[in-house]
Every structure is written in structure tokens, then in C-alpha cells.
Amino acid sequence: MPVLSYVHQLFNAEQCQAYIHTLRWKDRPLQCPRCQSQDIDPWGTYHYRPGCKRYWCNGCKRTFNDLTKTLLHQSKRSLPYWILATFLLCLACSSRRIAREVGVHIRTSYRWCWWLRNAALSYEMDRQLTGRSCTPTLRIMRSVQKPAKRL
Ligand SMILES: [Zn+2]
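Read on for an overview of the structure. Since we're looking at a predicted model, the values are computed, not measured.

## Quick look at the nonpolar core
Thought 1: One finds Leu79, Trp82, Leu84, Ala85 and Val102 to be the most contacted residues of the largest nonpolar core, which totals 19 residues.
Thought 2: Contributions of two or more residues to this core are made by helix H1 (13–25), helix H2 (79–90), helix H3 (95–102) and helix H4 (106–130).
Thought 3: When residues in this core are grouped by element, the largest group, seven residues, is from H2.
Thought 4: Counting contributing residues per domain, this core is built from domain 1 (12–70) and domain 2 (73–132), each supplying no fewer than three.
Thought 5: In this view, Ala85 contacts Ile98, Val102 and Trp112; residues no more than four positions away in its chain are not counted.

## Structural notes on H1
Turn by turn, an α-helix covers 3.6 residues, leaving residues three or four places apart pointing in a common direction.
Thought 1: Compared with the 18 Å implied by 1.5 Å per residue over 13 residues, the 18 Å span of H1 between its first and last C-alpha is a close match.
Thought 2: Residues of H1 that are buried: Cys16, Gln17 and Ile20. Projected onto a plane normal to the axis of H1, the buried residues spread over an arc of 100 degrees and lie on a single side.

## Looking at the packing of H1 against H2
Thought 1: Interaxial distance between H1 and H2 falls to 8 Å at its minimum, and their mutual angle equals 70 degrees. In terms of orientation, H1 and H2 fall into the roughly perpendicular class. The way H1 lies across H2 gives a crossing that is left-handed. Residue-level contacts link Ala13, Cys16, Gln17 and Ile20 of H1 to Leu79, Pro80 and Ile83 of H2.
Thought 2: Taken together, the residues of the contact of H1 with H2 sort by class into six nonpolar, one polar and no charged.

Thresholds applied
- Residues numbered from 1 in each chain as written.
- Predicted model: local features only at pLDDT ≥ 70, side-chain atom pairs only at ≥ 80, totals over all residues.
- Core = buried A, V, L, I, M, F, W, Y, C linked by C-beta atoms within 7 Å.
- Buried ≥ 20, exposed ≤ 12 C-beta atoms within 10 Å, placed from the backbone.
- Helix = DSSP H or I, 4+ residues; strand = E, 2+ residues; numbered from the N terminus.
- Domains from an automatic or database assignment.
- Contact = placed C-beta atoms within 7 Å.
- Expected span 1.5 Å × (residues − 1).
- Arc of directions from axis to C-beta.
- Axes fitted to C-alpha atoms, helices over the stretch in contact; angles between N-to-C directions.
- Parallel < 35°, antiparallel > 145°, perpendicular 65-115°, else oblique.
- Left-handed = near helix turned anticlockwise from the far one by under 90°.
- Nonpolar A, V, L, I, M, F, W, Y, C, P; charged D, E, K, R; others polar.

The values are spatial; any link to function lies outside them.
This is the structure in C-alpha cells:
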């Protein structure tokens, strides 16, 4: 059993979802990530994604959630996997170690680490250029788009 396996118990899906919601919207009003409309109504939840609230945008007539237009949008893995991978990456664990701890293939872990490092780097470059500051996790949530899959 991997050494850090007990860390899984610290992350449950609903807590992770609440954490992401707070990170994304705590310093600004809830708005549509597509059209930036603030005319938003609650639109239920997902049965397969505990704690993830869905919203209806009256501007563009589409639904969204806290992960829309982020690196984590439509990920096959649930949010606790990503939070744990980010936690381990911040502890300077290797991709191989993260794969073992999280329980994903080494190629998946490598790809996640690349995305997360790229997001942190783009955050730092933006912060230096504009003088703005926000948490790296918030930066990941706000602006990094998942690269298109190769066919
Ligand atoms: Zn909209």
C-alpha cells in the first residue's frame, strides 16, 4: 500500500466541490463562464458528481457548473483525484509517485502534472506582467483550458 494512501480519506467529493466553488467565486459574483452574464439561476445537481451544483445562464441559455471552462471540466476522474494530485505535486512528488498514490496510469499522471505545472507557470508569468495576485489554484480554475486531444 502506498505510503500516502491515507490522504485519500481527507478528500471527499462534496468537500472538494465546495472548496473549488469557494476558490472560483469567493471574490466575485457568480457569472456565466461563456458569456459573463450574472443572470444565473440554480439548475440542480449531477447525480454522478456529488456536491457539484449546476446553474442555468439566462444570457446564453446554457447550463454550467464550477468546473466549466477549466482544466478539470469533463474530466473522467472525479475532483478528489485532481485535488490529491495537485497536493502531491506541491510536495514535489514525481509523476510516477503521483500515479502510484492516486491510482492512475503513469501517462495520465505525467499529463496531469504537465497541465498543472503549465497552469502554475502561466499564473506566475501573468502575475509578474500584470502585478495581479491570486492563488495558483484559483488561476488553474479560472483560465487554463484543457488542450485538445490528439487523434
Ligand atoms: Zn451565459
